[in-house]
Amino acid sequence: METRADLNNGIFLNLVNEKSAIAFQLMFKLYRAKLLHFAYSYISNKQDAEEIIQDVFVKIWKTNTIHTNFNGFIYKVTRNACLDYLRKKKLTLNIENNFQQIEASINYNALADDSASKIIENELEDAILNAVEYLPEKCKNVFVKSRIEGLSHKEISKELNISTKTIENQITKALKQMRLRLSDFLTLL
Amino acid sequence: MQEKQIIKFIKGELTVDERQKAIKWIRSSSENQAKFNLLKATHIGATFIDTSGDDSAIYYKRFTQKVKSKQGYKYISAIASLIVISIFLINYFDQPVEKTEITEIPTTDIIEKNIINTVTSKGVKSEVILPDGSKVILNADSKLTYPKKFSDSTRNVTLIGEAFFDIEHDSNRPFLVDANEIKIRVLGTTFNVKSYSKDEKIETTLVSGKVELIKDLDTTPLELAPSQKGVFYKSQNKLKIEEVNSSNIIAWKEGTLIFKNTSMSQVAIDLERKYNVNFIINSQKLLNYEYTGTFDNLSIIEVLDLLVISSPIKYVIKDEKVILEMN
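Residues numbered from 1 in each chain as written. Chains lettered and ligands numbered in written order. Predicted model: local features only at pLDDT ≥ 70, side-chain atom pairs only at ≥ 80, totals over all residues. Heavy atoms only, no water.

### Thoughts on the interface of chain B and chain A
In this assembly, 36 residues from chain B lie in contact with 41 residues from chain A. With both sides pooled, the region where chain B packs onto chain A buries about 3,400 Å², and carbon together with sulfur makes up 64% of that total. Summed over the three residues of chain B that lose the most area to chain A, namely B:Phe48, B:Tyr60 and B:Phe63, the buried surface amounts to 20% of that side. There are two salt bridges connecting chain B and chain A. Where A:Glu103 meets B:Arg19, a salt bridge forms, and the shortest distance between an N and an O atom there is 2.7 Å. Connecting chain B to chain A are nine residue pairs in polar contact (both at pLDDT 80 or more). For the side of chain B that touches chain A, the secondary-structure elements that each account for two or more residues are helix 2 (16-28), helix 3 (30-47) and helix 4 (56-70) of chain B. The element that contributes the greatest number of residues to the side of chain B that touches chain A is helix 3 of chain B, accounting for eleven residues. Split into classes, the residues belonging to the side of chain B that touches chain A amount to 16 nonpolar, eleven polar and nine charged. (Contact = heavy atoms within 4.5 Å. Buried area = accessible area lost by both parts, 1.4 Å probe. Salt bridge = Lys/Arg side-chain N within 4 Å of Asp/Glu carboxyl O. Polar contact = N/O pair within 3.5 Å; in protein donor to acceptor, adjacent residues only side chain to side chain. Helix = DSSP H or I, 4+ residues; strand = E, 2+ residues; numbered from the N terminus. Nonpolar A, V, L, I, M, F, W, Y, C, P; charged D, E, K, R; others polar.)

Listed below in structure tokens is the structure:
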């Protein structure tokens, strides 16, 4: 049976809407550094970028209505926050030819460009899914069911018809593999 | 302009002059801007893989503190009071540290004309038995004034600082605590009063029984029920009631400090009293940072280490002062 590492499955989204600690921890692990990289690239201020990203997670926490496309949602929230920031910045300093102001302005235009922005959104999703997809099939099935769909070892055991001992081994293996391949999962749970 | 040059610009690899040229080129036409938009998006998309989420646990922890502290929090009043504390603290920390004689003597009883003053220095607690048998535990850096013998009509004491009162019941002689702006009247009960002159509020927490808070003679006294805290805001001259867990409020008796969404400026003041240390906080952001945590009979070093682990704070000890900084 093919299992896709899909953050848009209803179970993960429910966990997010219910403000589950596991879902938010995973979200931080997978998304924080990437969103920060994205925000910093446009707003050119590390501290402000960090604040924007922290606020993005707070916004997600306050939202109870994410039903489809998690990646699209978290990306949109981040992009809008950056656009707001740049809009203010390009208007704040009204000295002619001010360097920062002009840079904010071209970055605002760049980020407001929907077709360019779509590239980032898609690449972000790919990078997130890749982190899980690189695993061997069996290993991935177990990992996704346990860590993304939030099933218990017992439930996975029933569904995939393997022993709980095997499940534990597979998760250990999955984490080990990902440690090698992707630092993203280094300390995941 | 060459594409290579624009990619360098996106990567931040150009000199100031070259940057200005690149920016000029981008701004010169909408086609150029569109080309830049795509190059930039592609570059960011391709570099997601290089990012690492190794440190996400720290940010996740900060996030949980943030969302917890935001729940049910009254922003405006909080921000207003934080500004007040901060302004005050900046002045407070700028003052040269005065060493008083009391620092050398943990607890002193100064008796004059049948009036007893029990004074505790920073880092010391003291238990006082009043003439009527009532028990008072006096927290650090506090002063309790009471007569050698109470009068027949009232039992009057004066408090500067923090104390826990366990008062003997006597319906004929009400017990009165003078906490400067606020007077507390009781018949027999247990309660806690925190009224340091440097704090911007006076807090009375009722553990059991009944107490009345009297602001002035014109206002009707405010009655507290157990596990309620009457907070008097000095700057606003206002008295408000809050529901609290009274056992947390009096945990200091057992050496435990409990903070719940407490501004770092207040945390520092409480730590200074308990450990007889001086803090320096220069960052406005840190003064406003809200801390939630429990220090259960820890040494000052253990407390500082815990602060470092649980919040974006680092510390340096210099000239016997603890300097706290945002990490």
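### Considerations on the nonpolar core
Buried together is how nonpolar side chains tend to be arranged in soluble globular proteins. In this structure, A:Met27, A:Tyr31, A:Tyr42, A:Ile60, A:Phe70, A:Ile74 and B:Phe63 are the most contacted members of the largest nonpolar core, which totals 62 residues. For this core, the element with the highest residue contribution is helix 2 (residues 21-43) of chain A, accounting for 13 residues. Of all hydrophobic cores here, the second largest spans 27 residues; its members include B:Val128, B:Val136, B:Ala163 and B:Ile167. (Core = buried A, V, L, I, M, F, W, Y, C linked by side-chain atoms within 4.5 Å. Buried < 20%, exposed > 50% of the residue type's maximum accessible area, 1.4 Å probe, protein only.)

### Looking at helix 1 (residues 3-11) of chain B
B:Ile6, B:Phe9 and B:Ile10 are the residues of helix 1 of chain B that are buried. Each buried residue of helix 1 of chain B lies within a common arc of 100° when the element is viewed along its axis, so the set occupies one face. The secondary structure elements touched by the buried residues of helix 1 of chain B are helix 5 (99-112) of chain A together with helix 2 and helix 3 of chain B. Following helix 1 of chain B by one or two positions, B:Gly12 adopts a phi angle in the positive range, close to 75°. (Arc of directions from axis to C-beta.)

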